[in-house]
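# Structure at a glance
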Amino acid sequence: MESWKFGYEELCDELSTLIANFPPPFIYIYDTACPRITGSTIATLLDRIVSTDPGPSKRIHFAKVNAIACLTARLLYDSILNVLAKWSPDWNDGCPNWSLEGDTQRFNENFDGFIHGLRAVSSHLRDKSKVKGKGKERMKSEADEVRLVIVIECAERLKETLPELLVPLTRLTELTQLDLSVILLSEVRWEAIRPPLGASPDPYFIDLPPLSKEVIVQRLIFNFTPSNDLSAGPYHASLKGLYSHFATVLCDVCYPFVHDPLEIEYIAAARWPGFVQPVLDEHRRFLADEMDLDDPEQAQLEPPAEVVRMRLSRLFNASLSAALEELYPRLTNATDWAAKNKPEPDLLSAQPAEIPRGKDQPGKSSEAAALALPRMSRFILVATFLASTNPGKSDIRMFGRGLDEKKRRRRVRKTTKSGPTKVPQRLLGPVAFPLDRLLAILGALLEENDVETRLLAPEFKIPGEYTDMETSRVAVYSAVMELTSMRLIHRTTPGDRIDGPPSFKCGISYDVALALAKELSIPLNDLMWDPA
Amino acid sequence: EKLRIDVYTAAWEKCLDRIKSIVRALHAPIASEIKHEIHTSYDQPLPGLPYPEIPVIGITDPTSSSTFLDQIAAHTDSFDLEKRDASNTVAFTSHLYPNDCNNVMSAMKALINGFVDRPHLLEKGKGRSGISLAKYDIETLLAWYTAIRDTYDLTEQCKPKLVVLFHDFEQLDPLVIQDIFSISSLYISRLPLVFILALSSPASPSYLHSTYPRSTLALLRFSNYTVPSGTKVLEEVLLRTFFDTNFEPDVIIGPGVLTFIADYYNRHNSSVDAVLNILQLAHLRHFSGEVLTLVVKSTPSSETLSEDTSLPFVEEMLSRLQSFNPSSGRDRSISSIPSLIAATDDARNSMYSRARQMRVGFGIVKLIQDFMTSQGYKGLDWDNSAKGVDIIDVMIGALQGDLRSDVKYLGTMIKKLEISQLGTLFGNLHTFYNALPLYIRSSEEEARMNVILAINAIPPSGDDGVPGVSPLVAANFAGWLVKYINNLLTPLEDEPLWDIWYTGASSFPSPLINPSVRATVVAGLLHPYDFAEPSRKKDEEQTDPALWELPDTSILFHRYLDSGKMLNIYDWFTAFQQELETQRKNLEERALAVRSGQSSPRKRGGKGKIKEKEKPESEEEVDRWQLEIQARFVRALQDLDYLGFLKHTGRKADHVQRVVFDMHD
């Protein structure tokens, strides 16, 4: 059995039977797990049906288009017609679409044109097959009938981009009076995108369950394509046994979290070269030792022994979940990950005790070196965070500098204890605040934490005057705007409104704010209304 | 004036070119890395990947300076702009700006047009727009790409990459970009697209990862590059511009400006562009403030100086020269113009050589310091960010000539060095001297000899028999070195006419580049004439103009400051009216005075006329005057409102709220 069919046997049987015999005009395939594979499977299936000599009845032509790529109706018409007619536009002729010889009718203007286009395509294809059939002297009255199949992927997007086309597309057979079938493939249910008032006929439903673990493993193993290269690479034919074992273990690790076979394949592709590296090293060393043998049979890479296999899985099992953690959210890409996690050379020859334990993941250091921002921007970010998490009423208590410094904090503690337990604002997400409030908090922060680092300015004598000057400088405003453009602050008022102060929202997380505050030696927790 | 502008331009361009080349050198490694990444992006995909990914290169450039992107674009685009032949082309570039990306359609159109619109490479065949492919259809790009490859016979190996440069990536609508990514991903096996994202937000938390869903990220192969930034860049730029022995700036920037640059860079805007702005302003100010800066580059010929128009200049020059050497100035008669020129040339030469010495001294100190740290000693407390003494402070110290204690400390350090270390240090010093440009080297010949002597004095390695030698050599050398460096590092202010070439301690006027908005607006309203005519400022500084002499808006603003929290519009108006009355009276008097002084025959008539006018003061005229006052009041009020000084609360009829209180004037 071919690998592309794995897990899709039922679908394939059902669909090929339908298509070959009496296809319903409108089929809806619902697949939550991995529509991408389903799409390619259907394409391959239809391709097979087309390419195998027409068994039962009719010649089938199909077009598969993606609803995301077809942003406009015109694009949808163009691509369907071009694909059906197997027409590729030529740049030197000015990229014309497919059309009948000597006919300059436009098929992409509206749906009506599209229907005419479909009819034209169908008769064109029929003519073509007739010509072919004549040559082979196999002309039958039934065989020259043409059946069209249109597959639309990501059909859920049609509802957003081309809602007005949904009804006519589902009724395409009625409208064109052709032997035609429309297949919509989507990851949402038909109920979610069904046009109102029952305008569309109900489709023939095919629901696909997510693939089971065993199927995924099988697909993985089948995707192991041995390289033709005789030299020992990671995809050498004799490593297939090891790979199937590897695939099983990998699926055991990943399946609880990820059901998408593509993702698991992705992780496998990143981990496999490293996994097999020690075996290859061993082999190379062996070759170097036995240089004088000159026996091509001997130089062949042997499938590794059971002991080696166990040692390998012992060595690498921990890194599988690490790979999942990093690669599934795409914190890094497979190529880089594979390069970074290359095992030490000659791992198999080393004693188990000598093998260093897994390296520390560099998660923390990146956080610390995170924000290479100017000092004022960092202050502004901390101020936005405070403004977004603290309630506005609390500002005067939090930042007001009374005669007695201690009084402030004690009071805060009391209030946090007394009220009914509420979810802290930090967890509810940031609230919007006006620019003025941001500047006021910024001023308070600067006054407390930034006075020492300033340049001397003897002309300011009143306490706080210098800070006041600093917060109203142009550079502060431009820094706010720049941070907004970096999306570290979100602007909540439209940019073209002049009345009133603009309002903003904080765009950084608590951790980032904490790190920033630490750098600036601001006691962030003391300044938060309900601290963590 | 014109001459000074020319001199300024020359000096500034010299400085600018230098900085540009430094920055380019700083960026070069990253740029070439990215270039390499673009070229190899399709060469070695990891085998076994489920589907081909789009190579995406993120360039994190926190300062969002355009220079780097230009550099990249120049790298990638230079191939296809000049040559009409595409057979050797490595990449085509298309630029995508936030303005193009309001929706998917326009974004795709812009993206495709950026590639396709190259008529010099490939002419598009004629076709009717209706029946041909849409301009935003990626099939168009595919057709073009196939045509390009057919026309120029490109083999499978050298597929030119299609580079899309997303400018200001954060500004682009994520939904649009998602669609672009997924459309491109469908065609990736046929179109070798490479996306470059110009990010200005910091590398982590990554903007891309926090904004885009996993399904989109899964289509990409993202790799990130960070453009160097931060204080290191600033240090490099300043070091290699003003403290490099191989480069001589025309104007030496003093500690005042350096301090400001360092502070501004750290506090507000860490981009090279900002540093350039400040330096340019410093240059401009230097040249505009000082008449004598004319002679920065060269002294004008004696013919020019002997003209009448240049007399004040010559006098100024003379007095300045004499003030520097009051005793000897009298004897050496520099009253004649040729001798004046000679004296100026002397001053320039000695100034520049002094600056050169200063740079050499600084270079040596830095070299020894680097050596000490590389040997694992603590050395001086440079680069110790916690204490805040960084290399910029050291630069400032060198300029002010107060590095003596540091130098002394270095001397003691040298005394304690091992013999092998001494050898290395001397070797380093020797290479330093040899690397000096010729004209400096000749003046430092003596020092070089001294170093060579010291090298020779070290016993050959392995000969540990004589324990007493190394301390002796070290002590001698250290003693000499301290004296020598101290000689080199004397303040530049001692030279005659130093302020022509050196900006000295004068601080940089921060309001020029970073004004405080409110303070400036308020100051403008309070003292409008300071802003309007700065040339007259000197004469009139003592006498503040009376209130009635100010423009209407200022008058109104003065009254505004006198009020309480709420302003009654009518009261305000009355006050304004009073002031306008005085203004009118005074203006009339002044006009009268002017007229009387101007011409006696008219005097009588004029007086009569005015008296005539005043006497009747007809109803009509009073009305018109009232109307004028009202109109002016409303206009001034509107101005203040527009500037945001008023708040319209509906709390009290005919009242507005005042919003600016704390006036310290």
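Coordinates for the structure precede this section.
The following paragraphs examine the structure supplied in this document. For every chain, the first residue of the written sequence is number 1, and numbering continues from 1 onward in sequence order. Ligands are numbered from 1 and chains lettered from A, in the order in which they are written. In view of the model being predicted, local features appear only for residues whose pLDDT reaches at least 70, and side-chain atom pairs are presented and counted only at 80 or more, with totals across whole chains, interfaces and linings using the full set of residues. Side-chain metrics in this entry use all non-hydrogen atoms of the structure; hydrogen atoms and water are not considered.

## Thoughts on the packing of helix H3 (residues 104–116) of chain B against helix H4 (residues 138–151) of chain B
All names here are of chain B.
- All axes are obtained by fitting lines to C-alpha atoms, using only the stretch in contact for helices, and the reported angles, taken between N-to-C directions, cover 0 to 180 degrees. Note on conventions: DSSP H or I runs of at least 4 residues are helices, E runs of at least 2 residues are strands, and numbering of each starts at the N terminus. H4 packs onto H3 with a crossing angle of 10° between their chain directions and a minimal axis gap of 9 Å. In terms of axis orientation, H3 runs roughly parallel to H4. Touching Met108, Leu111, Ile112, Phe115 and Val116 of H3 are Ile138, Thr140, Leu141 and Trp144, all from H4.
- The residue classification treats Ala, Val, Leu, Ile, Met, Phe, Trp, Tyr, Cys and Pro as nonpolar and Asp, Glu, Lys and Arg as charged. All others, Gly included, are polar. Broken down by class, the residue content of the contact of H3 with H4 amounts to eight nonpolar, one polar and no charged. Any angle between 65 and 115 degrees counts as roughly perpendicular, while under 35 counts as roughly parallel, over 145 as roughly antiparallel, and the rest as oblique. Residues count as neighbours in contact if any of their non-hydrogen atoms are within 4.5 Å of one another.

## Quick look at the pattern of salt bridges
- Counted as salt bridges are all cases of a side-chain nitrogen of Lys or Arg within 4 Å of a carboxyl oxygen of Asp or Glu. In total, this model carries 14 salt bridges over all chains according to the counting rule given.
- A salt bridge links Arg171(A) to Glu174(A), with the nearest nitrogen and oxygen atoms 3.2 Å apart.
- Exposure is judged per residue with a 1.4 Å probe applied to protein chains only, and the accessible area is read against the type maximum: over 50% gives exposed, under 20% gives buried, and values in between give partly exposed. Classification of Arg171(A) as partly exposed rests on a relative accessible area of 27%.
- One salt bridge in this structure joins Asp202(A) and Arg194(A), with 3.8 Å as the shortest N-O distance.
- Arg194(A) sits in the partly exposed class, given a relative accessible area of 38%.
- Via salt bridges that share partners, Arg157(A), Glu160(A) and Asp179(B) belong to a single interconnected network.

## Observations concerning helix H9 (residues 213–222) of chain A
- All of the buried residues along H9(A) are Val215(A), Ile216(A), Val217(A), Arg219(A) and Leu220(A).
- Buried-residue contacts for H9(A) involve helix H2 (35–51), helix H10 (240–254) and helix H11 (261–289) of chain A.

## Considerations on the sheet that holds strand E8 (residues 655–658) of chain B
Residues and elements named next belong to chain B.
- At least two bridges found by DSSP between two strands is the condition for calling them paired. Pairing is antiparallel across the open sheet formed by three strands, whose spatial order is E6-E8-E7. Every other strand in the sheet has two partners, leaving strand E6 (566–568) and strand E7 (646–647) as the edge strands with one partner each.
- Direction of pairing for E7 relative to E8: antiparallel, over a ladder of two bridges. Note that in E8 the partner of Leu646 across the bridge is Arg658.

## What to know about the environment of Ser189(B)
All names here are of chain B.
- Take Ser189: it is sitting in the loop between helix H5 (174–187) and strand E4 (193–199).
- The exposed category is assigned to Ser189, whose relative accessible area is 53%.
- For the pair Ser189 and Ser41, spaced 148 residues apart in sequence, the C-alpha to C-alpha distance is 13 Å.

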